[in-house]
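Given next are the chains, with one letter for each unit.
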Amino acid sequence: MKLVSRFNQPEHLLLAMAFIMPLVFSVWMVLLNNFVVEKAAFTGTEIGILQSLREIPGFLAFTVVYVLLFLKEQRLAIAALAVTSLGVALTGYFPSAAGLYFTTVLMSVGFHYFETVNQSLSLQWIKKEQTAHFMGKMLSVKSAASLMAFSGVWLLMEHFTWSYQATYLLFGSLALIFTCFIALSFKQFTPHTEQSKKLVLRKRYWLFYALTFFSGARRQIFVVFAGFLMVEKFHYSVAEISSLFLINYVFNWLFAAKIGKLIGKLGERKILKFEYIGLIAVFIAYGLVENATIAAVLYVVDHLFFALAIAIKTYFQKIAAPEDIASTAGVSFSINHIAAVVIPALLGMLWVVNSSWVFYIGAGFAACSLLLSLLIPIAPKSGIELRYQEKRLATR
């Protein structure tokens, strides 16, 4: 009984859910570019529209706070996992523009509701001094799940010649089974602080909102167009794309927890400055690259910087009122996706004219984030949300 009680902890539920989501979403992501090109004859315009549609549920993530009037966060997270799994399982059965738009939106509703609630639960359940390390540990678990997914895709499609349809169905069904298992295995945990059930927009959180906005804008260029560059310009196969993802996630699996510790040690300000300087260089290089191998190196380096984005979440946890976390998680996801809804479609049209300009715009977004990161205090906390407040306090 003691072993069961020790297992039935919030941290273990978070880690279990952190394993299931990338197991199914990674399959959708790694197959997408090849699937839409080979089976639905997508160009940059269609992929831009699809990705914009995918981000609409993210833009509407603030509606989570209204769902929480009827459903507890823990149950909503599990339900969202199930919806994501169903959307991925059905993807292979609809190889047309309209069909892919439908399954993508279904999958995306589950994905974005889950990510919103999962972030909220993590910031509520984990102590502030442990959050960066725990989020790094979660990233390691996510990477292990992604490694399993990418390895499975490579093995099934390259060596056993499975179809897209069968591969999507297998991983979507497995994730659905795992979701049912954790729903039955974990008790309902009581929140430490009762969460606000209304939308929260506070002036003192403005820097967190701004960092989140540019993070979402910049991330879309990587998610949508970096992978598409590999397939359209350099003709990478499913196996080669999977290999790039494998390299990315091996790194995260091995080092993400250590990166989390490093964030806790060095602080959000230093970490984010380093990330944004690196991303500026990477995006400019994307716009200039003409060699497939160099492009692959950039793709891997680009992905490695994403582990550092934990620092935005830990910055918010340090400055936030405990009761604001759930509502602000939904608001922040909506802010993250304001640009994400528009950028893929607009830049998809620009891509047709000159793909390099898409990445130069990404460098501009990273530069904006760098300027914002200079405003982060060395030791942020409630009442010290900005660097000038910290300096003013030090001079008293």
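A short tour of the structure in this document, coming up. Predicted, not measured: the structure shown is a model, and the values here were computed from it. (Residues numbered from 1 in each chain as written. Predicted model: local features only at pLDDT ≥ 70, side-chain atom pairs only at ≥ 80, totals over all residues. Heavy atoms only, no water.)

So, the overall build of the protein chain
Of regular secondary structure, the protein chain possesses 17 helices and zero strands. For a compact globule of 396 residues, the expected C-alpha radius of gyration is about 21 Å, and the protein chain comes in at 20 Å, within 12% of that figure. In terms of principal-axis extent, the alpha carbons of the protein chain reach across some 65 × 55 × 35 Å. Residue pairs in contact within the protein chain that sit at least 24 positions apart in sequence constitute 85% of those at least 6 positions apart. As presented, the protein chain carries roughly 16800 Å² of accessible surface, and 69% of it is formed by carbon and sulfur atoms. Between the centroid of the 32 positive side chains of the protein chain and the centroid of its 19 negative side chains there is a distance of 12 Å. (Helix = DSSP H or I, 4+ residues; strand = E, 2+ residues; numbered from the N terminus. Rg over C-alpha atoms; globule rule 2.2 N^0.38 Å. Contact = heavy atoms within 4.5 Å. Areas by Shrake-Rupley, 256 points an atom, 1.4 Å probe, with all protein chains shown as cover. Lys, Arg positive; Asp, Glu negative; His and termini not counted. Charge placed at Lys NZ, Arg CZ, Asp CG, Glu CD.)

With respect to the nonpolar core
Residues Met17, Trp28, Ile182 and Tyr286 are the most contacted members of the largest nonpolar core, which totals 129 residues. The biggest single contributor to this core is helix H2 (residues 10–40), with 20 residues. With residues up to four places along the chain from it excluded, the contact list for Ile182 reads Leu13, Ala16, Met17, Ile20, Ile78 and Leu81. (Core = buried A, V, L, I, M, F, W, Y, C linked by side-chain atoms within 4.5 Å. Buried < 20%, exposed > 50% of the residue type's maximum accessible area, 1.4 Å probe, protein only.)

Points about the pattern of salt bridges
Per the stated rule, a full pass over the model turns up five salt bridges. Taking the shortest distance from any N to any O, the salt bridge between Glu275 and Arg218 comes out at 3.7 Å. Of this pair, Glu275 sits in helix H11 (residues 268–288) while Arg218 sits in helix H9 (residues 206–232); the two residues are 57 residues apart in sequence, bridging distant segments of the chain. Arg218 matches Glu275 in its accessibility class, with the two residues each being buried. The partner of Lys233 in a salt bridge is Glu290, and the shortest N-O contact between them spans 3.4 Å. Placement of the pair is Lys233 in the loop between H9 and helix H10 (238–266) and Glu290 in the loop between H11 and helix H12 (292–304), with a sequence separation of 57 residues. What makes Lys233 partly exposed here is its relative accessible area of 30%. For Glu290, a relative accessible area of 61% corresponds to the exposed category. (Salt bridge = Lys/Arg side-chain N within 4 Å of Asp/Glu carboxyl O.)

Regarding the packing of H9 against helix H13 (residues 310–319)
In the contact formed by H9 and H13, the axes pass within 10 Å of each other and the chain directions differ by 160°. With respect to their mutual orientation, H9 and H13 come out roughly antiparallel. Considering only the axes of H9 and H13, their crossing is left-handed. In contact with Leu207, Phe208, Leu211, Thr212 and Ser215 of H9, H13 contributes Ile312, Tyr315 and Phe316. Class assignment for the residues of the contact of H9 with H13 results in six nonpolar, two polar and no charged. (Axes fitted to C-alpha atoms, helices over the stretch in contact; angles between N-to-C directions. Parallel < 35°, antiparallel > 145°, perpendicular 65-115°, else oblique. Left-handed = near helix turned anticlockwise from the far one by under 90°. Nonpolar A, V, L, I, M, F, W, Y, C, P; charged D, E, K, R; others polar.)

A look at the environment of Ala320
Inspection of the secondary structure assignment puts Ala320 in the loop between H13 and helix H14 (325–336). Distance in space between the C-alpha atoms of Ala320 and Ser382 is 6.2 Å, their sequence separation being 62 residues. In this structure, Ala320 is in contact with Arg204 and Tyr205, ignoring residues within four places of it in sequence.

Some points on a nonpolar patch on the surface
There is a patch of nonpolar side chains on the surface, built from Trp154, Leu155, Phe160, Trp162, Leu170, Leu174, Ile177 and Phe178 and spanning about 700 Å² of accessible area. At the level of elements, helix H7 (128–159) and helix H8 (164–185) are the ones that each hand at least two residues to the nonpolar patch. The leading source of residues in the nonpolar patch is H8, at four residues. Classification of Leu155 as partly exposed rests on a relative accessible area of 39%. (Patch = residues over 30% accessible without salt bridge, like charges linked within 9 Å, V, L, I, M, F, W, Y side chains within 5 Å.)

Side note on unusual backbone geometry
With a phi angle near 50°, Thr161 is a residue other than glycine that sits in the positive phi range. Among the structural elements, Thr161 can be located in the loop between H7 and H8. A relative accessible area of 64% places Thr161 in the exposed class. Positive phi outside glycine occurs at His235, with the angle close to 60°. Along the chain, His235 turns up in the loop between H9 and H10. For His235, a relative accessible area of 63% puts it in the exposed group.

Considerations on the side chain of Ser146
Considering the arrangement of structural elements, one finds Ser146 in helix H7. For Ser146, a relative accessible area of 1% translates into the label buried. The contacts of Ser146, once residues within four sequence positions are left out, are Pro22, Ser26 and Tyr249.

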